Amino acid sequence: MALLIWVATPLFVMAQAQPHATDDITDPLEMGLLDFTAVELKVMGGTWSDAENFPKLVWKDAARVQQIIGDCPLTTRWFDADIAEVQKPDGRPPYVAYLEGKSDKGFPVRRLVTVSPGGEAQTRYPHPSSPDSFDEKQWVLDEQQIAVKRKILGVENKFPALKPPRRVEETATVLRSGTPAEAGFKPESIEAMRTACRQWYESGKEPFVACVARHGLIVFQEAFDDPKNGTTMIDTAKHMASITKTMSACLFAEFMDQGLVGLDDPIGKILPDFPVEGDKMISWRATFMHMAGIHIKAGEGREVHNAWSDNLVVNLLPCLKIGDRHRYNNMDTELTAKAMELMTGKSVLRLMKDDLFVALGMGHSRSSDVCHGAEATAFDVAKLGQMLLNQGAYGNTRFFSKETFHEMLPTKIHEHWPQAQFDLPWGMGLTYFNERDPDAGKNGVPANKTLLSKATFCHGAASGAVLRVDPVNDVVVTVVRTQQGEDYKPNLARFLQAVDAGIVDRQP
């Protein structure tokens, strides 16, 4: 019997340039520990075909590990497909190896490794954007690891079940087609949006789909691509990059709304290797506001397929300065995923599909992680925006209460950490977009005029995807595209100008 082994290997893709995100690392210990998060395990000897014994798992770069965290012998326990602990292969693959140790420098190490029949030993999970990452077969492997983790921690029956989004009697606004007059747009505004989008495509040659809705009425939804050879249609899903964080935050809000977790709770109440008090205590608010002190180089994106990836952050604790400054990264969001998985026993990708995408009718949406791997159509993303505009509901389905929605909104860092070096608004996968109108201060346009109202919120995306939710003017704007392309910012501004100028009773 031959075995194929997968070990989660990170791949980082940053959402967008954020304030104070790329600060230099000056602490040699932090540099080393960040390197340690990327060290993989391997099968001693490469290919393993002994049907009577499990393979030996060792560090790929044992010398580097010892240099960083000291001597750390690992004990290994094996679990079969029924989550029964076994001493040798019993014919019920795939197997999960649980490796545990504590280095002589005091670093606790936990790793989970999935092993399946298949030939030459591998040490990687699928790339997040590969089809395998969207496959329920992969989620089953993930859930085997989660089950082993829950068994080792003894929490199989600790948490109440997550309830699906509930049906309610009141009906929140749902998106449907409407005329500009019905939605409160000027008659000429649609052609102005179309012209801006055509110019945008001609400038950057990057296909995209744009959608604009007001009062729940879609007045503009068009695809822009090469008219002869283009393949982008209005129902083409595109890469959402870090708007994925908004999606996973909405999922976490469902847990909050059901009382399973509180925004200011220590993460150690769910992830037990973290402290629940003291200067190293991390709250869920700190993870969402990127105030946990985690550097952007920590983890690189594949942690979604490793049920114990939170241990990477545990090992960084000596270097973390919680509440010191805003440090944009992906591992903060990954911690929320590990909590949701531990509470439910389900892959976070299954949760995102069942309790967000399917429940909201986002039929063309899927995600390969919780940070930057979602794909969606402009209409699907508009549904997400409308649900947020409705403060947690869509049609007869309520995902979370209005009170929970308000907890998601950005607040100033200094409201929670007065000692922080910088002050800026941030929320749960949300931030404000006070984008200055290019004509501000010219020809009688107020100098402080923004594109849409100053209360407009959502999240940026390295792919150039756009989600703007303006609660003052009751507007949702979406753009889906694979990459930003040339002249992205001025073209986006021209499009948003056309939307903004078209609102009949536009409020600041």
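Keep in mind the model is a prediction, meaning the values are calculated, not measured.

Enquirer: So what's going on with the packing of helix α3 (residues 136-153) against helix α10 (residues 348-360)? Which residues, and what values?
Expert: In the contact formed by α3 and α10, the axes pass within 9 Å of each other and the chain directions differ by 125 degrees. As judged from the angle between their axes, α3 and α10 are oblique. In this structure, α3 contributes E136, W139, V140 and E143 to the contact, and α10 contributes L349, R350 and K353. A class-by-class count of the residues in the contact of α3 with α10 yields three nonpolar, no polar and four charged.

Enquirer: So, the pairing of strand β6 (residues 95-102): which residues are in play, and what are the values?
Expert: Across the eight residues that make up β6, a large majority, six, are buried. Of the strand pairs in this sheet, strand β4 (residues 75-79) and β6 are connected by five bridges, and their pairing is antiparallel. Bridge pairing in β6 places W78 opposite A97.

Enquirer: Summarise unusual backbone geometry; cite the residues concerned and give the values.
Expert: Most of the time, phi is negative for any residue but glycine, and the peptide bond is trans. Geometrically, the link from P93 to P94 is a cis peptide bond, its omega value of 0 degrees lying close to zero. Relative to the assigned elements, P94 resides in the loop between β5 (85-86) and β6. Of note in the backbone geometry, A241 takes a positive phi value of approximately 50 degrees without being a glycine. Here A241 shows up in strand β12 (residues 238-241). Phi at L452 is positive, roughly 70 degrees, even though this residue is not glycine. Along the chain, the position of L452 falls in the loop between β18 (431-432) and β19 (457-458).

Enquirer: Give a detailed account of empty space enclosed by the protein, specifying residues and quantitative values.
Expert: Under the definition given, this model contains three cavities of 30 Å³ or more. Here the second largest cavity is characterised by a volume of approximately 60 Å³. Contributing to the lining of the second largest cavity are K245, A249, T287, F288, H290, T333, W426, G429 and H459.

Enquirer: Residue-level account of the packing of aromatic side chains, with values.
Expert: All told, the structure shown has 14 aromatic pairs when counted by the stated rule. Ring centres 4.8 Å apart and planes at 45 degrees place the aromatic pair W200 and F208 in the tilted group. Both residues of the pair, W200 and F208, count as buried. Judged by centre distance (6.1 Å) and plane angle (55 degrees), the rings of F405 and F457 are tilted.

Enquirer: Kindly report on the layout of surface pockets, identifying the contributing residues and their values.
Expert: In this approach, a probe sized like a water molecule rolls over the atoms, and the result shows the empty space that is left. For the second largest pocket, the calculated volume is near 280 Å³. Around the second largest pocket sit 15 residues that line it, and L57, V58, W59, C72 and L74 are the ones nearest its centre. Partitioning the lining of the second largest pocket into residue classes produces 10 nonpolar, three polar and two charged.

Enquirer: Give me the pattern of salt bridges: which residues, what numbers.
Expert: Taken as a whole and judged by the stated rule, the model has 29 salt bridges. With a closest N to O distance of 2.9 Å, R77 and E85 form a salt bridge. Residue E85 is classed as partly exposed on the basis of its relative accessible area, which comes to 37%. We note a salt bridge from R92 to D80, for which the minimum N-O separation is 2.8 Å. Pair noted here: R92 is in the loop between β5 and β6 and D80 is in the loop between β4 and β5, with a separation of 12 residues, a long-range link. Overall, R92 belongs to the partly exposed group, its relative accessible area being 36%. When salt bridges that share partners are traced, they join D80, D82, D90 and R92 into one network.

Enquirer: Got a sec to walk through helix α6 (residues 243-257)? Specific residues and values, please.
Expert: With 15 residues, α6 ought to run about 21 Å at 1.5 Å a step, and its terminal C-alpha atoms sit 21 Å apart, in line with that. Summarising burial for α6: 14 of the 15 residues are buried, a large majority. Just downstream of α6 lies G259, where phi reads positive at about 75 degrees.

Enquirer: A description of the nonpolar core should follow, citing residues and the corresponding values.
Expert: By size, the foremost hydrophobic cluster in this structure holds 115 residues, and its most contacted members are M247 and W284. Leave out the neighbours within four places in its chain, and M247 touches M240, M352, L356, F357, M362, A374, A376 and L384. Listed in part, the 29 residues of the second largest apolar core include A196, V212, V475 and V499.

Enquirer: Describe the sheet that holds strand β14 (residues 374-376), listing the residues and the values that go with them.
Expert: An order of β12-β14-β13 is seen for the three strands of this open sheet, with the pairing classed as antiparallel. Since the sheet does not close on itself, it has two edges, and those belong to β12 and β13 (366-367), each with one partner. In this sheet, β14 lies alongside β12 in antiparallel orientation, the contact comprising three bridges. Across the sheet, K238 pairs through a bridge with A376, a residue of β14.

Definitions and limits used
Residues numbered from 1 in each chain as written. Predicted model: local features only at pLDDT ≥ 70, side-chain atom pairs only at ≥ 80, totals over all residues. Heavy atoms only, no water. Axes fitted to C-alpha atoms, helices over the stretch in contact; angles between N-to-C directions. Helix = DSSP H or I, 4+ residues; strand = E, 2+ residues; numbered from the N terminus. Parallel < 35°, antiparallel > 145°, perpendicular 65-115°, else oblique. Contact = heavy atoms within 4.5 Å. Nonpolar A, V, L, I, M, F, W, Y, C, P; charged D, E, K, R; others polar. Buried < 20%, exposed > 50% of the residue type's maximum accessible area, 1.4 Å probe, protein only. Pairing = 2+ DSSP bridges. 1 Å grid on protein atoms, 1.4 Å probe; cavity = no way out; pocket = protein on both sides within 12 Å on 5 of 7 lines; lining within 4 Å. Points joined across faces, edges and corners; volume = space filled by probe spheres on them. Phe/Tyr/Trp six-rings, centres within 6.5 Å; stacked < 30°, edge-to-face > 60°. Salt bridge = Lys/Arg side-chain N within 4 Å of Asp/Glu carboxyl O. Expected span 1.5 Å × (residues − 1). Core = buried A, V, L, I, M, F, W, Y, C linked by side-chain atoms within 4.5 Å.

By themselves, these observations are geometric and do not establish any function.
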